[in-house]
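# Residue-level structure breakdown
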Amino acid sequence: MIDLAAVVGRVRGVLFQPEQTLADHSRPVPPWRIVAREHTVPVIVASALISTALLLLFHPILLGPDVEIQVGLGLLLRLAVRIAFNFASIAVMAAVVSFFGGLLGGRANFDAAYVLAALSMTPAYVGGAVFPIPLLGQLAGLAGVIYSLVILYRCAPALVGVPEENRGKHMVLTVVSLFVIGAVALWMLSPLLAPATAAG
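In this text, all values refer to a predicted model and were calculated from it rather than measured experimentally.

Here is what the cut-offs are and how they apply
- Residues numbered from 1 in each chain as written.
- Predicted model: local features only at pLDDT ≥ 70, side-chain atom pairs only at ≥ 80, totals over all residues.
- Heavy atoms only, no water.
- Core = buried A, V, L, I, M, F, W, Y, C linked by side-chain atoms within 4.5 Å.
- Buried < 20%, exposed > 50% of the residue type's maximum accessible area, 1.4 Å probe, protein only.
- Helix = DSSP H or I, 4+ residues; strand = E, 2+ residues; numbered from the N terminus.
- Contact = heavy atoms within 4.5 Å.
- Polar contact = N/O pair within 3.5 Å; in protein donor to acceptor, adjacent residues only side chain to side chain.
- pLDDT = per-residue confidence, 0-100.
- Phe/Tyr/Trp six-rings, centres within 6.5 Å; stacked < 30°, edge-to-face > 60°.
- Patch = residues over 30% accessible without salt bridge, like charges linked within 9 Å, V, L, I, M, F, W, Y side chains within 5 Å.
- Areas by Shrake-Rupley, 256 points an atom, 1.4 Å probe, with all protein chains shown as cover.
- Salt bridge = Lys/Arg side-chain N within 4 Å of Asp/Glu carboxyl O.
- Axes fitted to C-alpha atoms, helices over the stretch in contact; angles between N-to-C directions.
- Parallel < 35°, antiparallel > 145°, perpendicular 65-115°, else oblique.
- Nonpolar A, V, L, I, M, F, W, Y, C, P; charged D, E, K, R; others polar.

## Some thoughts on the nonpolar core
Grouped together as the largest cluster of nonpolar side chains are 31 residues, with contacts concentrated most on Leu 22, Ile 90, Val 97, Tyr 114, Leu 116, Leu 119 and Val 160. Broken down by secondary-structure element, the contributors of at least two residues to this core are α1 (4–16), α3 (32–63), α4 (73–103), α5 (110–120), α6 (122–129) and α7 (136–160). Top element by residues in this core is α5. It accounts for eight residues. Every residue in contact with Leu 119, bar those within four places of it in the chain, is listed here: Val 14, Thr 21, Leu 22, His 25, Val 35 and His 39.

What follows is the structure, given as structure tokens:
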């Protein structure tokens, strides 16, 4: 059973006290499956549901008054694919963080890297939830991604033991690798991730 109050508290902690929150949730480092079940899944699902609801509300502004979103099985399928894609992306991110952590003098510990990836990406998913709100949502989405990368950079030494002198290199290699992997994955999945729209 997921403790929603704990999820909300963790999200708030990551947003306002990221280093302390990540430290508190990595002593000792929990198995990645527990973090996935208790944090990653509820955050990703909530983000996807909220953003979909807001898209339905604001789509005339975002897509034009002549574009209609079809609510049905297609939209549900795209929502499920989005959730699965985001869940997988955290695991891939953890693998990349762990790999480069071990390569650059830190610890190649997937569980620790998963804690770092899952919690550091929380602001990005919070921003993504409100992304469909015109202008303010896009600004919040961009701010969330930037803040997530800042948390990843600042907390990598504590969680995966990256030496201070290699922290920048670890960050660059991680971001570039994730960009390439993400671009390929999005290209392959673009037909399923495209908005469920039809001309009205």
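## Details of α6
An α-helix turns once per 3.6 residues; consequently, residues spaced three or four apart project the same way. Within α6, seven of the eight residues are buried, which leaves the element mostly enclosed by the surrounding structure. For α6, the set of buried residues is Thr 122, Pro 123, Ala 124, Tyr 125, Gly 127, Gly 128 and Ala 129. On its buried side, α6 packs onto α1, α3, α4, α5 and α7.

## Considerations on the side chain of Thr 21
Mapped onto the secondary structure, Thr 21 falls in helix α2 (residues 18–24). Residue classification places Thr 21 among the buried positions, given a relative accessible area of 7%. A distance of 3.0 Å separates a polar side-chain atom of Thr 21 from the backbone oxygen of Gly 13.

## So, the confidence of the model for the protein
Overall, the predicted model of the protein reaches an average pLDDT of 90, with 94% of residues at or above 70. Contacts of residues 195–200 to residues separated by more than four positions or lying in other chains number 16 contacts, the stretch itself having pLDDT below 50.

## Section: the environment of Ala 108
Counting through the fold element by element, Ala 108 comes out in the loop between α4 and α5. Looking at Ala 108, the relative accessible area reads 62%, which means it is exposed. Taking the C-alpha atoms as reference points, Ala 108 and Val 96, 12 residues apart in sequence, are found 9.6 Å from one another.

## Focus: the packing of aromatic side chains
Across all of its chains, the model carries four aromatic pairs by this definition. Judged by centre distance (5.6 Å) and plane angle (55°), the rings of Trp 32 and Tyr 114 are tilted. Separated by 82 residues along the polypeptide, Trp 32 in helix α3 and Tyr 114 in helix α5 bring together distant segments of the chain. With a centroid separation of 5.1 Å and 70° between ring planes, the pair formed by Phe 99 and Phe 100 is classed as edge-to-face. Following the ring pairs from residue to residue traces out a cluster consisting of Trp 32, Phe 110 and Tyr 114.

## Describing a nonpolar patch on the surface
Side chains of Val 172, Val 176, Phe 179, Val 180, Val 184, Trp 187 and Met 188 sit close together on the surface and give an oily, nonpolar patch of about 800 Å² of accessible area. The residue Val 172 is located in helix α8 (residues 167–193) in this model. Val 172 sits in the exposed class, given a relative accessible area of 52%.

## Focus: the packing of α1 against α3
At a minimum axis separation of 10 Å, α1 and α3 run at an interaxial angle of 80°. Compared by their axis directions, α1 and α3 come out roughly perpendicular. Of the residues in α3, those touching α1 at Val 7, Arg 10 and Val 11 are Glu 38, His 39, Pro 42 and Val 43. Within the contact of α1 with α3, the residues separate by chemical class into four nonpolar, one polar and two charged.

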